[in-house]
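Each chain, written out:
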Amino acid sequence: MQSKEIIREKIKEAVASVLPITLIVAVLCLFLIPVSNGLLLSFLIGSLLLIVGMGLFTPGADMSMTQIGTHIGTKMTQSRKLWFILVLGFALGVAVTLSEPDLQVLATYVPGIDRNVLMLTVSVGVGLFLAVSLLRILLRIPLRWLLLGCYAVIFILAALSDPDFLAVAFDSGGVTTGPMTVPFIMALGVGVTSLRRDEKAKSDSFGLVEL
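## Some remarks on the environment of Val175
Thought 1: Turning to its location among the elements, Val175 is positioned in helix α7 (residues 163–175).
Thought 2: Here Val175 falls in the buried class, since its relative accessible area comes to 17%.
Thought 3: Between the alpha carbons of Val175 and Glu100 there is a distance of 8.2 Å; along the sequence they are 75 residues apart.
Thought 4: Ignoring anything within four residues of it in the chain, the contact list for Val175 reads Glu100, Asp102, Leu103 and Leu106.

Right, dumping it as structure tokens:
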């Protein structure tokens, strides 16, 4: 009974997320930008399937990725081995990003860049910064200083980069915060900070996704 309530609530959330953009696109297609009836029908059916899929996927991610992420984070910290925590954090960041549906879609449609190269590059980047994030939690480094430093590097690289690669880079950063990556990484941070007893432990569990 509780599972049904959870699924029903998640489907409501999916409707609230998908329905507004569906209505806007439908109105545009009907009155301003005419499309064939078949294409419009395909869009509406796809929107319905998206709502159902999100409604089923989200509770599944909560029951699996969130719980396992918290458990792994706790066990990692109990090892008390900094090198082990960083290496495992890097490996987990790469693995969970490779499984991210949003990244797979982006990599399929980006022209001029090999799909596997793009996915591996983005995954290694997430793994690297997940390790940095865990190091920040363990050493209690203020988040703002890391963000300022990272943004400074980003703007320097942006000024030196080809505009085409710059667009792909920022889009890649956006798709890494998807339905697979975010629940796992946030739960991992909660697990890592669970053994700390200081007053800033809970707040330090945030910021992993941002980094």
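That shown, we press on.
## Here's the deal with the layout of surface pockets
Thought 1: A volume near 1200 Å³ is recorded for the largest pocket.
Thought 2: Along the walls of the largest pocket sit 35 residues, with Phe129, Ile154, Ala169, Ser172 and Gly173 positioned nearest its centre.
Thought 3: When residues of the lining of the largest pocket are traced back to their parent elements, those giving at least two are α5 (115–139), α6 (143–160), α7 and α8 (181–193).
Thought 4: At nine residues, the largest contribution of residues to the lining of the largest pocket is made by α5.
Thought 5: Broken down by class, the residue content of the lining of the largest pocket amounts to 25 nonpolar, nine polar and one charged.

## Some thoughts on the packing of helix α3 (residues 82–98) against α8
Thought 1: Two elements in contact, α3 and α8, have axes whose closest approach is 9 Å; the angle formed by their N-to-C orientations is 160°. When the axis of α3 is compared with that of α8, the two are roughly antiparallel. Every pair of crossing elements has a handedness; the one defined by α3 and α8 is right-handed. Across the interface between the two elements, Leu92, Val96 and Thr97 from α3 touch Thr181, Phe184 and Leu188 from α8.
Thought 2: Taken together, the residues that form the contact of α3 with α8 break down as four nonpolar, two polar and no charged.

## What about the packing of aromatic side chains?
Thought 1: Taken as a whole, this structure holds two aromatic pairs when the rule is applied.
Thought 2: Aromatic pair Trp83 and Phe84: ring centres 6.0 Å apart, planes at 80°, arrangement edge-to-face.
Thought 3: Look at Tyr151 and Phe155: their rings are 6.3 Å apart centre to centre, the planes differ by 25°, and that puts the pair in the stacked class. Here Tyr151 pairs with Phe155, and both are found in helix α6, just four residues apart, close to one helical turn.
Thought 4: With a relative accessible area of 44%, Tyr151 lands in the partly exposed category.

## A short note on the confidence of the model for the chain
Thought 1: On average, residues of the chain carry a pLDDT of 83, and 94% of them reach 70 or more.
Thought 2: Taken element by element, the chain is modelled with least confidence in helix α9 (residues 201–204), mean pLDDT 68, and with most confidence in α6, mean pLDDT 89.

## Considerations on the nonpolar core
Thought 1: With 25 residues, the main nonpolar core has Met65, Met76, Leu118, Leu134, Phe184, Leu188 and Leu208 as its most contacted residues.
Thought 2: Within the residue set of this core, elements represented by two or more residues are α2 (37–78), α3, α4 (101–109), α5, α7 and α8.
Thought 3: The element contributing the most residues to this core is α5, with seven residues.

## As for the side chain of Thr22
Thought 1: Looking at the element boundaries, Thr22 is found in helix α1 (residues 2–32).
Thought 2: Its relative accessible area of 9% is what places Thr22 among the buried residues.
Thought 3: Reaching out from Thr22, the side chain makes a polar contact with the backbone oxygen of Val18 at a distance of 2.8 Å.
Thought 4: For Thr22, the contacting residues outside a window of four places in its chain are Phe43, Leu44 and Ser47.

Rules of the game
- Throughout, residues of each chain are indexed from 1 in the direction in which the sequence is written.
- In keeping with the predicted nature of the model, local features appear solely for residues at pLDDT of at least 70, side-chain atom pairs appear and are counted solely at 80 or more, and the whole-chain, interface and lining totals rest on all residues.
- Side-chain calculation: all heavy atoms of the structure are included, whereas hydrogens and water are not.
- Strands here mean DSSP runs of E at least two residues long; helices mean DSSP runs of H or I at least four residues long; both are numbered from the N terminus.
- Each residue is placed in one exposure class: buried if its accessible area under a 1.4 Å probe, protein chains only, is under 20% of its type's maximum, exposed if it is over 50%, and partly exposed if it falls in between.
- We call two residues contacting when some pair of their heavy atoms lies within 4.5 Å.
- A 1.4 Å probe that fits but cannot get out identifies a cavity on a 1 Å grid over protein atoms alone, an open set with protein on both sides within 12 Å along at least five of seven lines counts as a pocket, and a residue lines either if it has an atom within 4 Å of a point.
- Grid points are joined across faces, edges and corners, and a volume is the space filled by probe spheres set on the points.
- Here the nonpolar group is Ala, Val, Leu, Ile, Met, Phe, Trp, Tyr, Cys and Pro; Asp, Glu, Lys and Arg are the charged ones; every other residue, Gly included, is treated as polar.
- Between N-to-C directions, angles cover 0 to 180 degrees, with each direction set by a line fitted to C-alpha atoms, over the stretch in contact for helices.
- Each angle gets one of four labels, with under 35 degrees taken as roughly parallel, over 145 as roughly antiparallel, 65 to 115 as roughly perpendicular, and the rest as oblique.
- Handedness of a helix crossing follows the sense of rotation of the near helix relative to the far helix, less than a right angle counterclockwise being left-handed and clockwise being right-handed.
- Two aromatic rings from Phe, Tyr or Trp, using only the six-membered ring of Trp, form a pair when their centres are within 6.5 Å; if the ring planes differ by under 30 degrees the pair is stacked, by over 60 it is edge-to-face, and anything between is tilted.
- One number per residue, pLDDT, summarises how confident the predictor is, and it ranges from 0 to 100.
- In plain words, nonpolar cores are sets of buried Ala, Val, Leu, Ile, Met, Phe, Trp, Tyr and Cys residues tied together by side-chain atoms within 4.5 Å.
- Under the rule applied, a polar contact is a pair of N or O atoms within 3.5 Å (in protein, one hydrogen donor and one hydrogen acceptor; residues adjacent in sequence only if both atoms are side-chain atoms).

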